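# Reading the structure
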Amino acid sequence: MADPNQMSLFPDIPARMDKFLDEKVIINRAGRPIDVSGAVWKISDPTQPVKLDWGEIKIPSETVLTATIAYMKHLLRNFSVGSAINAWYVLKRLWVSPAFQSACMAGEVIPYRAISEAIEKFEAHQRYRLFWLRHWFNWCCDQGFESFSAEVAFQFNEVVIGGGSKGQAVQSADPEEGPLVDTEIVALNNALRAARMTGVLSLKEQVGLWLCIALGCNSGPLALLREDDFERISAADAEGVVFQIRVPRHKKGDPVERTQFRVRKLTAEIGRLVDLLIAENRENSSQIDGRCGRPLLRREFPRIDIDGDGTLGEYRYHHRTAEITPLVGAAVAKLNVLSPRTGQPLKVTARRLRYTFATRLVREGASPRVLADALDHTDLQHIRVYFDLKSDIVEKLDAAMALELGPVSQAFLGHIVRSESEAERGHRKSSRIYHADKQSRTLEPLGTCGSFSFCGLAAPIACYTCVKFQPWMDAPHDKALKALLQERQRRLDDGQDGKMIALFDNTILAIADVVRRIEFIRQSEAANAS
């Protein structure tokens, strides 16, 4: 039985196909072979399986079909796989045009009307894709293929296509697609830190999500990361150990993946998690032979679209680009973080975290060039949108507002106990967390730390957002709330940057949540008693 992939593109007229299939194999820009002898072209790519199925195409003109096949071979030889995908996507919009079909059936030149019908199928934010439609028409015209008129090419070249729509989701602060606001990213960070103790996420999920937050990467570089991109460097200064990672550069015109890298520093918190993930990978990956790369975010099973003995064998255990966002989204869903803006579960993609990374850098005073470097952009026009945003820092936050926002902030992650005697490690006085009353110059206990290790964070500011904190019901949490609100206002009046103020907001909302919860418990008990 014949291989379906080797059958004629037009099985009803197979005699005419010989002239189209003179080449059986071509070598793409990355040096990898592509079988172009049949109706389905399978293209090797480490981050996504690519298939061009000519059976989807209805081009009733021998001349136009010949030209288009030649053009796609030209693209695959000289451009990236992504360019071929973009061209295919755009040309499929043209091939269904009534004017295009009519001209092909009649053996006439392709009229500009066919081009205009294709243009109408693209919304404003997608018009930049028309570059590839024009590129196809000009190339076929320059090669002298019939049906491609120089006059139509001239008319098409006069059309202003424009660039892609930059930053609509960012500028509109879209609650579903735009950057996360402070209350959302803080809630996400807190839940992610708590997951280290609760075990709700796997190490791979934790690392994948942390890297998206900390690096602002697109999905492609994350899919290409390998264990040996991570480094632990002993430092001579007080830092002790420095963690850094080489991030593969993406869409930079390199023929082969993982050619250029950008070195990024990681926090100790993230670096230690990456260390643990690498150890886990090596413990559970004895079946991986030496021909495979060792991806950081490793698949459990090898990809079926990659031949282990082929040119892409080293990528068998790498995730596809399209699998990174579902991994990130699933991790966030497990954390059960609610958006204070929508009241619904927070929806997160690698792209939204990239937006968030960029907007926070701008708020911290990054220049356009610094931001472009952090996002690995070579063109400053792509990052201008982030400098047009207004800050989402709340200028005025009082006790009434904090008590209203507290219950939806998800900043408090601990567990309220009635008294010290009910708390885990409550028998140890050294586990007490205190509030320093500056007026009376006294220390008043607020609760108990349930951790068996020293965290090194500032108490009580860091405690209310820690999963191990156990506030007591009868403790003076209202005093702690008032003191932090006053300190926040002082820093705001001093003109301190928004990042530091946002850290205060996080704790303020956590304390307010504790106050509200204690009120609710007491009201419920009073109602039951009556």
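This text goes with the structure placed above it.
What comes next concerns the included structure.

Criteria and cut-off values
Residues numbered from 1 in each chain as written. Predicted model: local features only at pLDDT ≥ 70, side-chain atom pairs only at ≥ 80, totals over all residues. Heavy atoms only, no water. Buried < 20%, exposed > 50% of the residue type's maximum accessible area, 1.4 Å probe, protein only. Helix = DSSP H or I, 4+ residues; strand = E, 2+ residues; numbered from the N terminus. Pairing = 2+ DSSP bridges. Axes fitted to C-alpha atoms, helices over the stretch in contact; angles between N-to-C directions. Contact = heavy atoms within 4.5 Å. Phe/Tyr/Trp six-rings, centres within 6.5 Å; stacked < 30°, edge-to-face > 60°.

Burial analysis of strand E6 (residues 241–248) places 6 of its 8 residues in the buried class, which makes it a mostly covered element. Relative to E6, strand E5 (residues 230–234) runs antiparallel, the two sharing 5 bridges. Bridge pairing in E6 places serine 234 opposite valine 241. Direction of pairing for E6 relative to strand E7 (residues 261–266): antiparallel, over a ladder of 6 bridges. Note on E7: the bridge partner recorded for valine 247 is arginine 262.

Attention now moves to the sheet that holds strand E10 (residues 469–471). Hydrogen bonds between backbone groups are what pair the strands of a sheet, and the pairing can be parallel or antiparallel. A sheet is described by the order of its strands in space; here 3 strands give the open sequence E8-E9-E10, paired in antiparallel fashion. Each edge of the open sheet is held by one strand with a lone partner, namely strand E8 (432–437) and E10. Neighbour to neighbour, the strand axes of the sheet diverge by 45° on average, direction disregarded. One ladder, built from 6 bridges, connects E8 with strand E9 (residues 442–449); its direction is antiparallel. Of the residues in E9, the one forming a bridge with histidine 435 is glutamate 444. Seen against the sheet, helix H16 (residues 477–493) touches E8, E9 and E10 and runs at an angle of roughly 55° to E8.

Let us look at the packing of aromatic side chains. Enumeration over the complete set of coordinates arrives at 13 aromatic pairs. When the ring of phenylalanine 79 is compared with that of tryptophan 132, the centres are 6.0 Å apart and the planes differ by 85°; the resulting orientation is edge-to-face. Residue phenylalanine 79 is found in the loop between helix H1 (62–78) and helix H2 (81–95), and its partner tryptophan 132 is found in helix H5 (residues 130–142); the two are separated by 53 residues along the sequence. Residue class for phenylalanine 79 comes out partly exposed when judged on its relative accessible area of 28%.

These figures come from the coordinates and say nothing about function on their own.
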